[in-house]
Amino acid sequence: MSSSLFSFLFFLLFLNPFFTEANLHRSKTLLKSSLISQPDTNGTTPPTLFFEVTKPIIVPNTKPCSLTVLQHDFGFTYGKPPVFADYSFPSDCPYQEFSKIVLEWNATCKGRQFDRIFGVWLSGVELLRSCTAEPRATGIVWSVQKDITRYSSLLLTNKTQTFAVYLGNLVDKTYTGVYHVNITLYFYPAVEKMDLFGGKEGNLVSGVDSKADLIIPFSRDLPLNDGLWYEIENATDVKVKEFEIPQNVYRAVLEVYVSFHENDEFWYGNLPNDYIAANNLTGVAGNGPFREVVVSLDGEVVGAVWPFTVVYTGGINPLLWRPISAIGSFDLPTYDIEITPFLGNILDGKTHKLGFSVTNALNVWYIDANLHLWLDGKSEKTEGKLLQYNIVPLGVSSVLDFKGLNGTFVTNTTRFISSTGWVKSTYGTVTTKFIQNLSYSNFMVMGKDGNLQIVNQTIHFDDIVHAKMPASNFDSRKSFKRFLFHLYSDNHDQGSGTSLSVANVTLGFNEKKYKDADVSLPSSSLRNLQKGQGVMVVKNNLVVSGVVSTQQSYNYDSNKFCYSRNISSSNYTILHDEVKNTCNKRAQFHFGYGLSKSGPFPA
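The text that follows walks through the structure, step by step, so that each part is easy to find. (Residues numbered from 1 in each chain as written. Predicted model: local features only at pLDDT ≥ 70, side-chain atom pairs only at ≥ 80, totals over all residues. Heavy atoms only, no water.)

## Observations regarding the packing of aromatic side chains
Centre distance and the angle of the planes are the two values used to describe a pair of aromatic rings. A full pass over the atoms with the stated rule returns 36 aromatic pairs. Summarising the aromatic geometry, the rings of phenylalanine 89 and phenylalanine 187 are spaced 5.2 Å apart at their centres and angled 85° between planes, so their arrangement reads as edge-to-face. Placement of the pair is phenylalanine 89 in the loop between β4 (83–87) and β5 (98–109) and phenylalanine 187 in strand β10 (residues 179–189), with a sequence separation of 98 residues. Look at phenylalanine 187 and you get buried, because its relative accessible area is 0%. Between the aromatic rings of tyrosine 275 and phenylalanine 402, the centroid separation amounts to 5.4 Å while the plane-to-plane angle is 75°, which identifies the pairing as edge-to-face. Taken together, the positions of tyrosine 275 in helix α4 (residues 273–278) and phenylalanine 402 in strand β20 (residues 383–403) put the pair 127 residues apart, joining distant regions of the chain. On the basis of relative accessibility, which here comes to 1%, the residue tyrosine 275 falls in the buried class. Phenylalanine 402 sits in the partly exposed class, given a relative accessible area of 27%. (Phe/Tyr/Trp six-rings, centres within 6.5 Å; stacked < 30°, edge-to-face > 60°. Helix = DSSP H or I, 4+ residues; strand = E, 2+ residues; numbered from the N terminus. Buried < 20%, exposed > 50% of the residue type's maximum accessible area, 1.4 Å probe, protein only.)

## Observations concerning the sheet that holds strand β15 (residues 292–297)
What the four strands build is an open sheet, ordered β13-β18-β15-β16; its pairing is antiparallel. In this open sheet, the two edge strands, each paired with only one partner strand, are β13 (239–243) and β16 (300–305). Averaged over all neighbouring strand pairs, the angle between strand axes comes to 20°, with direction disregarded. Two elements, β15 and strand β18 (residues 352–359), share six bridges in a ladder whose sense is antiparallel. Residue valine 293 lies in a different strand from β18, and its bridge partner there is valine 358. (Pairing = 2+ DSSP bridges. Axes fitted to C-alpha atoms, helices over the stretch in contact; angles between N-to-C directions.)

## Re the sheet that holds strand β3 (residues 65–74)
Taking strand neighbours across the sheet as the criterion, the five strands line up as β2-β8-β5-β10-β3 in an open arrangement whose pairing is mixed. What marks the edges here is a single partner per strand, and that holds for β2 (48–50) and β3. The sheet shows a mean angle of 15° between the axes of neighbouring strands, taken without regard to direction. Pairing between β5 and strand β8 (residues 140–147): eight bridges, direction antiparallel. Residue tryptophan 105 lies in a different strand from β8, and its bridge partner there is valine 144.

## Details of the side chain of asparagine 555
Within the secondary structure, asparagine 555 is located in strand β27 (residues 542–558). Residue classification places asparagine 555 among the buried residues on the basis of a relative accessible area of 18%. A polar contact is formed between the side chain of asparagine 555 and the side chain of serine 553, at a distance of 3.0 Å. Dropping the residues within four chain positions of it, asparagine 555 is found in contact with Ser525, Leu526, Arg527, Tyr563 and Ser564. (Polar contact = N/O pair within 3.5 Å; in protein donor to acceptor, adjacent residues only side chain to side chain. Contact = heavy atoms within 4.5 Å.)

## Comments concerning unusual backbone geometry
Following arginine 322, the chain continues into proline 323 via a peptide bond in cis, with omega recorded as 5°. Secondary-structure assignment places proline 323 in the loop between β16 and β17 (334–338). With omega at 15°, the peptide bond leading from asparagine 363 into valine 364 counts as cis. Here valine 364 is to be found in the loop between β18 and β19 (365–375). For asparagine 280, which is not glycine, the phi torsion reads 50° and is therefore positive. Note that asparagine 280 resides in the loop between α4 and β15. On the basis of relative accessibility, which here comes to 66%, the residue asparagine 280 falls in the exposed class. Even without being glycine, serine 496 reaches a positive phi, approximately 55°. Residue placement: serine 496 occurs in the loop between β24 (474–495) and β25 (498–514).

Below, the structure is given as structure tokens:
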């Protein structure tokens with residue numbers, strides 16, 4: 001496909017709904033998903049393997065214990081209770097300590113179906129948030145592996161627990177795809193016995209690398225005819241849950257799950273309200289393109305999440321994500337907020353309130369969280385005090401310049417949150433400082449009387465956990481995240497209910513982690529870049545044909561392990577796939593994406 005075609009045709013943009021009434025993902029946004037016309041099949045073609053590019057999970061060279069927790073066929077499950085299974089740690093497993101625990105989701109589907117969001121919970125604690133792959137007539141298979149070692153205290157509990165999966169699917173004459181699902185857990189025994197005291201000391205600030213002693217879920221209680229997540233329906237909606245923690249906690253980390261749907265599925269392309277009102281537009285999602293998940297403790301903001309722009313498997317142009325799924329779509333990222341500085345306020349044995357809201361939200365956001373707690377096993381009570389709390393008001397700058405349906409919109413936002421507090425336990429008195437420093441930029445263009453849209457967005461999401469340890473030792477963790485999103489597309493009406501839609505999409509997820517905030521070189525670096533270009537012909541709300549190409553460069557470097565994969569595809573076919581497991585020292589900690597900052601990418 002010539003690059004001149006892509007330089008002429010821009011972003012997929014409709015002023016009328018693109019879904020049929022049966023679609024569960026009805027939306028008033030300008031960006032739409034599409035149902036794909038399915039050719040007849042004689043049943044001889046093997047199913048297609050779909051996948052998300054990510055690094056493999058490093059497991060020890062030991063034979064794991066395995067447990068198949070659930071097998072189910074998700075047919076018409078929309079608006080019905082989650083599917084349940086009893087979970088108990090496998091009694092025939094001879095080991096007690098495990099260095100790695102992996103959840104594996106395997107699924108098949110055949111026919112026609114939209115993408116469906118789903119969640120997996122154990123005793124209300126969410127283990128996985130994901131999106132289904134969209135099937136084809138000849139069938140598809142896909143698998144998701146997730147490291148769930150951080151939930152060890154829950155998984156190894158010696159009691160029967162409720163394992164729940166919600167996947168809201170619809171099956172009728174149009175939507176024929178049934179998802180056949182198998183979920184298995186693998187427990188890899190530790191090669192060496194753990195140093196209990198050393199492990200505890202490391203837990204004072206190590207976060208994901210360590211295992212909490214107790215996990216408190218912040219999700220909805222059963223029974224439900226839906227997922228266990230909270231639903232945030234608008235900008236004033238606040239979901240609050242009361243909780244109480246043990247009085248011997250010395251560290252607390254809140255892990256937040258986030259996904260966005262319906263009118264906010266494409267929030268990064270939502271239009272300013274002034275533009276919508278001036279042009280008398282109806283059925284169009286507004287509130288502009290900025291969103292922020294706000295977490296509060298007893299009414300005070302303790303942290304924020306500026307989420308990565310996950311594109312689900314039916315988003316923008318569904319052909320782009322076949323077979324290479326969009327970044328984060330099969331395993332949505334979670335976000336950690338350090339609560340330790342605030343422990344002095346909640347170690348009183350009383351009930352407290354944790355709240356969730358979304359700035360500028362439209363219907364609907366799915367949010368829940370897990371509170372990871374580390375307990376002092378040698379003491380019945382710890383004590384603490386909040387020393388410093390500083391929150392800079394959300395800084396928003398918005399510049400609108402439009403005439404009629406054409407114009408440009410620039411939105412810049414900043415956020416800074418800092419908290420410091422000490423906790424005294426049998427491990428000593430530790431002073432913890434948590435800093436979040438975030439910035440956001442979105443540049444949007446509307447052209448061709450509203451038929452053209454360009455979006456260029458960058459999110460900088462930095463956080464630091466700094467702990468002053470006993471004996472004047474210091475330990476720190478720092479994470480620098482950069483989320484890049486670029487859209488460039490257009491829609492051309494061809495008459496007779498037919499349109500030609502063209503989209504260029506770029507996704508970038510970049511993160512550098514430091515084990516000590518004062519060192520110059522990161523302990524790990526991830527550069528994950530995905531580009532896609534596609535044209536599809538849509539007739540009567542069905543994609544009847546299309547030509548797409550997708551390229552992805554995934555590079556992970558650390559002190560112990562390196563992995564890279566460069567892959568490209570076109571119309572279900574893998575064109576190039578190169579995997580390397582060796583470290584390139586010269587480029588190991590390069591920070592950029594290797595992208596130009598503007599303009600489309602040629603096919």
